[in-house]
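# Topology and contacts: notes
Spelled out from the first residue to the last, the chains are:
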Amino acid sequence: MNDVRAVMGAEARSAFAAARTAWDVTRTVLAPVGRRAPEIVVTVGIVLSVLAVLVLVGAARNDASISADQGTAVAEVLDGGDLGHTFVRFTASDGAVLTPDTGVLYPRGLEPGNYVVVEYDRSKPELVRVAGRSWTAGLGPVALGIVGLWVVLGPTAWALARRRRAGSAGGGDVPVPDDVTPDREPVGAAR
């Protein structure tokens, strides 16, 4: 019984030593990232904000494409949609019955079985939007999303920067005595 305990104790100590080594390596590798945490948080915020604005730009381009060669039809809202896609079936002006793979743009409030007027791009009939709706419907949600993002990330970046400043002011720098002269000349010194 004592041999089993000894073996188990040795195994546990070995596992803890390996975990400590892994933790030390991880801290060493991630230390530069930790020093740049405020910049990383701000960069993530900027990237997400730009992506949100690009969603609006894409929606505006789709709307411009639909408006350039617009067709109008009555569409039936189909079953089988999900949160991101509401599928419709409509008859185009050339008589083709279409069900766009990407669904309809701006589907808020549509229920399966409903009939709704849609506008579509005759040259690319997979671009379909609910009549009377446009990319401006997304301005509010995108603006609120960006504001919410910065309400979280702004104070986080500020707190991380403050923490970094407090850490560097706490004696992180090693003082160099004034009477020490370098063993070699500085790079670029005149001879």
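Given the structure is predicted, the values throughout are model-derived calculations rather than measurements.

### Topic: unusual backbone geometry
Even without being glycine, Tyr106 reaches a positive phi, approximately 60 degrees. Here Tyr106 falls in the buried class, since its relative accessible area comes to 16%.

### Describing the packing of helix 2 (residues 37–68) against helix 3 (residues 139–169)
Viewed as axis vectors pointing N to C, helix 2 and helix 3 meet at an angle of 170 degrees, and their least axial separation amounts to 8 Å. If you check the angle between helix 2 and helix 3, you find them roughly antiparallel. Split into classes, the residues belonging to the contact of helix 2 with helix 3 amount to 19 nonpolar, three polar and two charged.

### A closer look at the packing of helix 1 (residues 2–35) against helix 2
One way to put it is that helix 1 packs onto helix 2 with a least axis distance of 5 Å and a crossing angle of 65 degrees. By the criterion of interaxial angle, the relationship of helix 1 to helix 2 is roughly perpendicular. Residues Val33, Gly34 and Arg35 of helix 1 lie in contact with helix 2, whose contacting residues are Ala37, Pro38, Glu39 and Ile40. Considered class by class, the residues forming the contact of helix 1 with helix 2 number four nonpolar, one polar and two charged.

### Here we look at the pattern of salt bridges
The tally for this structure, following the rule as stated, stands at six salt bridges. Each of Arg36, Glu39 and Arg164 takes part in a single network of salt bridges with overlapping partners.

### Here's the deal with the layout of surface pockets
By volume, the largest pocket is sized at about 230 Å³. Lining the largest pocket, in full, are Gly34, Arg35, Ala37, Pro38, Leu160, Arg163, Arg164, Gly167 and Ser168. Only helix 1, helix 2 and helix 3 provide two or more residues apiece to the lining of the largest pocket. Per-element accounting of the lining of the largest pocket gives the leading share, five residues, to helix 3.

### Points about the sheet that holds strand 5 (residues 128–130)
Pairing between the strands of a sheet comes from backbone hydrogen bonds, and it takes one of two forms, parallel or antiparallel. Here we have five strands laid out as an open sheet, ordered 3-2-1-4-5, and antiparallel in their pairing. Two strands lie at the open edges of the sheet, namely strand 3 (97–98) and strand 5, each paired on one side alone.

Here is what the cut-offs are and how they apply
- Residues numbered from 1 in each chain as written.
- Predicted model: local features only at pLDDT ≥ 70, side-chain atom pairs only at ≥ 80, totals over all residues.
- Heavy atoms only, no water.
- Buried < 20%, exposed > 50% of the residue type's maximum accessible area, 1.4 Å probe, protein only.
- Axes fitted to C-alpha atoms, helices over the stretch in contact; angles between N-to-C directions.
- Helix = DSSP H or I, 4+ residues; strand = E, 2+ residues; numbered from the N terminus.
- Parallel < 35°, antiparallel > 145°, perpendicular 65-115°, else oblique.
- Nonpolar A, V, L, I, M, F, W, Y, C, P; charged D, E, K, R; others polar.
- Contact = heavy atoms within 4.5 Å.
- Salt bridge = Lys/Arg side-chain N within 4 Å of Asp/Glu carboxyl O.
- 1 Å grid on protein atoms, 1.4 Å probe; cavity = no way out; pocket = protein on both sides within 12 Å on 5 of 7 lines; lining within 4 Å.
- Points joined across faces, edges and corners; volume = space filled by probe spheres on them.
- Pairing = 2+ DSSP bridges.

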